[in-house]
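# Per-entry structural report
For reference, the chains in residue letters:
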Amino acid sequence: MTPAQQQEGMAAYQAYGEALTKAGALKNSNRLRPISDATTVRVADGKSQVLDGPYVDSKEQLGGYYLIDVPDLDAALSWAARCPGATHGTVEVRPIWSMSA
């Protein structure tokens, strides 16, 4: 992307974050480092294995996340459609597991 396109993209994400905050929906968000910076841990036969890089080799990668609190899936899907990333990639909507005390 050109510097102007990068600046335009950052402005779009900033406006999206501000809209989520104004609506009281935003709980957390953050960018993620590139997939090349990933370290994968798995346990096999009781032994921990640490691997450099991602577990899955794919063309797509998770670039960041927004944790939002909305009443239902329809509201979450509406916010996902407004995310700038939906215009040039894919936005995955996933509920969280509620952990009982």
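Up top is the structure these notes are about.
Along each chain, residues carry numbers from 1 onward, in the same order as the chain's sequence is written. Two thresholds apply to this predicted model, a pLDDT of at least 70 for residue-level local features and 80 or more for giving and counting side-chain atom pairs, whereas whole-chain, interface and lining totals are computed over all residues. To get the side-chain values, all heavy atoms of the structure are used, and hydrogens and water are removed first.

Regarding its fold elements, the protein presents two helices and four strands. Relative to the 2.2 N^0.38 estimate, which gives 13 Å for 101 residues, the radius of gyration of the protein is 17 Å and therefore markedly larger than a compact globule would have. Structurally, the protein occupies a C-alpha span of about 50 × 45 × 15 Å along its principal axes. Type-normalised accessible area, obtained with a 1.4 Å probe on protein chains alone, sets the label of each residue: buried when under 20%, exposed when over 50%, and partly exposed for intermediate values. The proportion of buried residues among the 101 residues of the protein is 13%. Two residues form a contact once any of their heavy atoms are found within 4.5 Å. In the protein, of all internal contacts separated by at least 6 residues, the share reaching a separation of at least 24 is 54%. Think of it this way: any DSSP run of H or I at least four residues long counts as a helix, any run of E at least two long counts as a strand, and we number them from the N terminus. For a compact globule the rule gives 2.2 Å times the number of residues to the power 0.38, and the radius of gyration it is set against comes from C-alpha atoms.

In this section: the pairing of strand β3 (residues 47–52). With respect to burial, β3 is a largely exposed element, only zero of its six residues being buried. By definition, two strands form a pair when at least two bridges between them are found by DSSP. Two strands pair when backbone bridges link them, and strand β2 (residues 39–44) and β3 are joined in this way by six bridges, in the antiparallel orientation. Paired with T40 across the bridge in β3 is L51. Linking β2 back to β3 in an antiparallel pair, the connection comprises two residues, with D45 at a positive phi of about 55°.

Points on a 1 Å grid, built from protein atoms alone, make a cavity when a 1.4 Å probe fits but cannot get out and make a pocket when they are open with protein on both sides within 12 Å along at least 5 of 7 lines; residues with an atom within 4 Å of a point are the lining residues. Grid points are joined across faces, edges and corners, and a volume is the space filled by probe spheres set on the points. Size it by volume and the largest pocket reaches roughly 2,200 Å³. Taken together, 49 residues make up the lining of the largest pocket; nearest its centre are L62, G63, G64, Y65 and Y66. Secondary structure elements with two or more residues in the lining of the largest pocket: α1 (3–22), β1 (26–31), β4 (64–68) and α2 (73–82). Residue contributions to the lining of the largest pocket peak at ten residues, all from α1. As a working rule, the residues Ala, Val, Leu, Ile, Met, Phe, Trp, Tyr, Cys and Pro are called nonpolar, Asp, Glu, Lys and Arg charged, and the rest polar, with Gly in that last group. A class-by-class count of the residues in the lining of the largest pocket yields 24 nonpolar, 16 polar and nine charged.

Turning our attention to the packing of α1 against α2. What counts as an axis is a line fitted to C-alpha atoms, over the stretch in contact for a helix, and the angles between N-to-C directions run from 0 to 180 degrees. Interhelical geometry of α1 versus α2 gives an angle of 155° and a closest axis separation of 10 Å. Comparing their axes, α2 and α1 come out roughly antiparallel. Residues Y16, A19 and L20 of α1 form the contact with α2, whose own contacting residues are W79, A80 and R82. Of the residues assigned to the contact of α1 with α2, the class counts are five nonpolar, no polar and one charged. Orientation categories follow fixed angle ranges, with anything under 35 degrees roughly parallel, anything over 145 roughly antiparallel, 65 to 115 roughly perpendicular, and all other angles oblique.

Turning our eyes to something else, we now look at the pattern of salt bridges. By salt bridge we mean one thing: a side-chain nitrogen of Lys or Arg within 4 Å of a carboxyl oxygen of Asp or Glu. Summed over all chains, the structure comprises two salt bridges. A salt bridge links R94 to E92, with the shortest nitrogen-to-oxygen separation between them at 2.3 Å.

Below, the discussion takes up the packing of aromatic side chains. Working definition: rings of Phe, Tyr and Trp (its six-membered ring) pair if their centres are within 6.5 Å, and the pair is stacked with planes under 30 degrees apart, edge-to-face with planes over 60 apart, and tilted otherwise. Summed over the entire model, instances satisfying the criterion amount to two aromatic pairs. Look at Y16 and Y66: their rings are 5.0 Å apart centre to centre, the planes differ by 90°, and that puts the pair in the edge-to-face class. With Y16 in helix α1 and Y66 in strand β4, this pair connects stretches of sequence that are 50 residues apart. With centroids separated by 6.1 Å and ring planes inclined at 65°, the aromatic side chains of Y16 and W79 adopt a geometry described as edge-to-face. Within this pair, whereas Y16 is found in helix α1, its partner W79 is found in helix α2, the two being separated by 63 residues in sequence. By relative accessible area, W79 is classed as buried at 10%. Through a chain of ring-to-ring contacts, the aromatic side chains of Y16, Y66 and W79 assemble into a single cluster.

Remember, this is a structural readout, not a statement about activity or role.
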